[in-house]
Amino acid sequence: MSAASCLLSKDQFLCCICLDVFTDPVSTPCGHNFCKNCITEHWNSNVQYLCPICKEVFYTRPKLKVNTFISEMVSQFRQEAQQKASSSSSEQQAAKPEVLCDVCTGTKLKALKSCLVCLTSYCEIHLEPHLTTSRLKRHQLMDPVENLEDRMCMKHDKPLELFCKTDQTCVCMLCSVLDHKTHEFVPLEEEYEGKKAELGKTEAEIQQMIQKRRLKIQEIKHSVDLSKEDANREIAEGVQVFTALMESVQRSLNELIETTEEKQRTTEKQAEDLIKELEQEMSELKKRSSEVKQLSRSEDHLHLLQNFPSLKAAPPTKDWTEVSVHPPSYEGTVVRAVTQLEKTLSKEMKKLLAEVELKRVQQYAVDVTLDPDTASMYLILSDDGKQVNYGDVKKNLPDNPERFSDCCCVLGKQSFSSGRFYFEVQVKRKTEWDLGVARESINRKGKITLRPQDGYWTIWLRNGNEYSACNNPPVRLSLQSQLQKVGVFVDYEEGLVSFYDVDAAALIYSFTGCSFTEKLYPYFSPGPNDGGKNSAPLIICPVNQTE
């Protein structure tokens, strides 16, 4: 610690809110440090809980934890600063030039006071007359200084005791009644205090400007760090997508090569079989040719005539006139392979991009719980505020303005008026449900209409397999399979509400070009029981980001 302590500076321990060294330093979830009292008062006076440095928004008030490491470092810094200040003061005292008595002869003693009237510095012994003689008592004494002549008016040879505010210069008493008689004067001490206060204010403003720039540097560095994280994530996702696509291309190439080689092997096998058969017939024919030649050379009339009938009947042979090997056509093989590859890549690319997109929006996952004050009197909420289902019995609850009176709906406790947020809901084993977000000013009494112009951005399930986006008009959704878990993503500034099939990592539907001007709340409706067929609850699930 001692080796590193020499590197400590005040800048490292300044709270960006009070611009002073930390007192009871605490850390926020984003990793930045503040005085406990400063960040508490900052959040008490603001609607949103956000970090003053990186601007990260916390949708629930974070629990502040004492940063023991920073506390110890600040304590050590204060001790070293005090020691340094004490040492510096001593050094300044030692470095301050010593003023000697002007009256002493021989060995001069240290001056105790300087007289602005006599323009002389006196040691304790020679100062005695100025303390005892009535005439000298009226002289103006001050702590010993050198160059007393500089403190005298060059024109009137009198002490500079006044400050001319008109000419902004130091003057003597005679100047005030002669050369500056119509001007405004104040004692030097008064002007000194004013200027000192002005310098203090200027110093504070400079320090504030320095601190603003320090914060701006931190903000820029934080932006660079975020950019680096985004870049690394983008590269990783790109590598994943392109690797999968390249593997698909390689598979298609291998299939093309294998198919072509298989055709060639089939052709070669056919040719080999034909050649083998032809060679067999040739062998038989050569044997017969040898026998014919041998018999034709015979000069024995009887022998030739007796064996001729057996040679006349030729062995059975194939008519090879129409037999040939037709090489397979490779025409269009590459084109067909590329066309099929294009279809495969398109399908795979959509799947990969959907997975990447889902993983990206899952980074904005928030903790959502159900608000019992908004729940219809027919709804049953779990104790942890994560599940809701329909109850057949109407509960006796106060009909407060926030509560839905007729429709079996409930809102989330958490509201969002900026940034992006995402949550997931399990919808399996249900035949009917509504899900999405709603603005704060929606009508909660009587019948409601789920559409954007009425403040609802939702999708629903009806009759067990009919999915629709509640737009104007409604949009029928064609899905590959029954939804088990739905992800809801909102980009407030972009005006976007998107729904995802979490298990299939597929985008279901997006409301785009929305104009949000007030708080948004997660919206849920489990639908009626439908004779027990729809009794399963809607469950808000923790978000498990896909690897």
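Look above for the structure.
First, a word on scope: everything that follows refers to the structure included in this document.

1. A short note on the overall build of the protein chain
Now for step 1: A tally of regular secondary structure across the protein chain gives nine helices and 24 strands.
Now for step 2: With respect to the principal axes defined by its C-alpha atoms, the protein chain has extents near 185 × 85 × 50 Å.
Now for step 3: For the protein chain, buried positions account for 34% of its 547 residues.
Now for step 4: Summed over all atoms, the accessible surface of the protein chain reaches about 34400 Å², with 53% contributed by carbon and sulfur.
Now for step 5: Counting 68 positive and 79 negative side-chain charges, the protein chain places the averaged centre of each group 3 Å from the other.

2. Some points on the sheet that holds strand β2 (residues 33-35)
Now for step 1: Strand order in the open sheet formed by three strands is β2-β1-β5, and the pairing between neighbours is antiparallel. For this open sheet the edge positions go to β2 and β5 (65-66), each flanked by a neighbour on one side alone.
Now for step 2: Relative to β5, strand β1 (residues 25-27) runs antiparallel, the two sharing two bridges. The partner of valine 26 across the bridge, within β5, is valine 66.
Now for step 3: Packing of helix α2 (residues 36-44) onto the sheet brings it into contact with β1 and β2, and relative to β2 it is tilted by some 90 degrees.

3. So, the packing of helix α7 (residues 188-296) against helix α9 (residues 333-361)
Now for step 1: Close contact between α7 and α9 brings their axes to 10 Å; oriented N to C, the two are set at 155 degrees. When the interaxial angle is binned, α7 and α9 end up roughly antiparallel. The hand of the α7/α9 crossing is right-handed.
Now for step 2: Grouping the constituent residues of the contact of α7 with α9 by class yields twelve nonpolar, six polar and eight charged.

4. Comments concerning the pattern of salt bridges
Opposite charge on two side chains lets them pair, provided their charged atoms get close.
Now for step 1: Applying the stated rule across the entire model yields 20 salt bridges.
Now for step 2: The partner of lysine 269 in a salt bridge is aspartate 273, and the shortest N-O contact between them spans 3.0 Å. Here the residue lysine 269 and the residue aspartate 273 both occupy positions in helix α7, the gap between them amounting to four residues, near one helical turn.
Now for step 3: The shortest N-O distance in the salt bridge between aspartate 491 and arginine 420 comes to 3.0 Å. Here the residue aspartate 491 occupies a position in strand β20 (residues 485-491), and arginine 420 occupies one in strand β15 (residues 420-426), the gap between them amounting to 71 residues.
Now for step 4: The exposure class assigned to arginine 420 is partly exposed, which follows from its relative accessible area of 37%.
Now for step 5: Here the salt bridges do not stand alone but share partners, grouping Lys165, Glu191 and Lys195 into one network.

5. Structural notes on the pairing of strand β22 (residues 506-511)
Now for step 1: For strand β21 (residues 496-501) and β22, the ladder comprises five bridges, and the chain directions are antiparallel. Within β22, the position partnered with valine 497 by the bridge is phenylalanine 511.
Now for step 2: Connecting β21 to the antiparallel partner β22 that follows it, the hairpin turn spans four residues, and alanine 505 within it adopts a positive phi of roughly 50 degrees.

6. Let's talk about the packing of aromatic side chains
Centre distance and the angle of the planes are the two values used to describe a pair of aromatic rings.
Now for step 1: Here the structure, examined in full by the defined rule, presents 13 aromatic pairs.
Now for step 2: The interplanar angle of 75 degrees and the centroid separation of 6.3 Å between the aromatic rings of phenylalanine 404 and tyrosine 523 together place this pair among those described as edge-to-face. Here the residue phenylalanine 404 occupies a position in the loop between β13 (387-390) and β14 (410-411), and tyrosine 523 occupies one in strand β23 (residues 520-525), the gap between them amounting to 119 residues. The two residues phenylalanine 404 and tyrosine 523 agree in class, both being buried.
Now for step 3: Ring plane angle 15 degrees and centroid distance 3.9 Å describe the contact between phenylalanine 416 and phenylalanine 421, whose orientation is recorded as stacked.
Now for step 4: Here phenylalanine 416 falls in the buried class, since its relative accessible area comes to 1%.
Now for step 5: Ring-pair connections join several aromatic residues into one group, and the members of that group are Trp43, Tyr49 and Phe58.
Now for step 6: Residue placement shows lysine 318 over the ring face of tryptophan 320; its charged tip is 4.6 Å from the ring centre.
Now for step 7: Over the face of the ring belonging to tryptophan 460 we find arginine 462, whose NZ or CZ atom lies 3.9 Å from the ring centre.

7. As for the layout of surface pockets
Now for step 1: Considering only enclosed or pocket space, the largest pocket measures out at about 750 Å³ in volume.
Now for step 2: In terms of lining, the largest pocket is formed by 21 residues, of which the most central are Glu56, Val57, Gln363, Tyr364 and Arg420.
Now for step 3: If you tally residues by element for the lining of the largest pocket, the top one is α7, at four residues.
Now for step 4: Its residues assigned to classes, the lining of the largest pocket shows seven nonpolar, five polar and nine charged.

Cut-offs applied
- Residues numbered from 1 in each chain as written.
- Predicted model: local features only at pLDDT ≥ 70, side-chain atom pairs only at ≥ 80, totals over all residues.
- Heavy atoms only, no water.
- Helix = DSSP H or I, 4+ residues; strand = E, 2+ residues; numbered from the N terminus.
- Buried < 20%, exposed > 50% of the residue type's maximum accessible area, 1.4 Å probe, protein only.
- Areas by Shrake-Rupley, 256 points an atom, 1.4 Å probe, with all protein chains shown as cover.
- Lys, Arg positive; Asp, Glu negative; His and termini not counted.
- Charge placed at Lys NZ, Arg CZ, Asp CG, Glu CD.
- Pairing = 2+ DSSP bridges.
- Contact = heavy atoms within 4.5 Å.
- Axes fitted to C-alpha atoms, helices over the stretch in contact; angles between N-to-C directions.
- Parallel < 35°, antiparallel > 145°, perpendicular 65-115°, else oblique.
- Left-handed = near helix turned anticlockwise from the far one by under 90°.
- Nonpolar A, V, L, I, M, F, W, Y, C, P; charged D, E, K, R; others polar.
- Salt bridge = Lys/Arg side-chain N within 4 Å of Asp/Glu carboxyl O.
- Phe/Tyr/Trp six-rings, centres within 6.5 Å; stacked < 30°, edge-to-face > 60°.
- Lys NZ or Arg CZ within 6 Å of the ring centre and 35° of its normal.
- 1 Å grid on protein atoms, 1.4 Å probe; cavity = no way out; pocket = protein on both sides within 12 Å on 5 of 7 lines; lining within 4 Å.
- Points joined across faces, edges and corners; volume = space filled by probe spheres on them.

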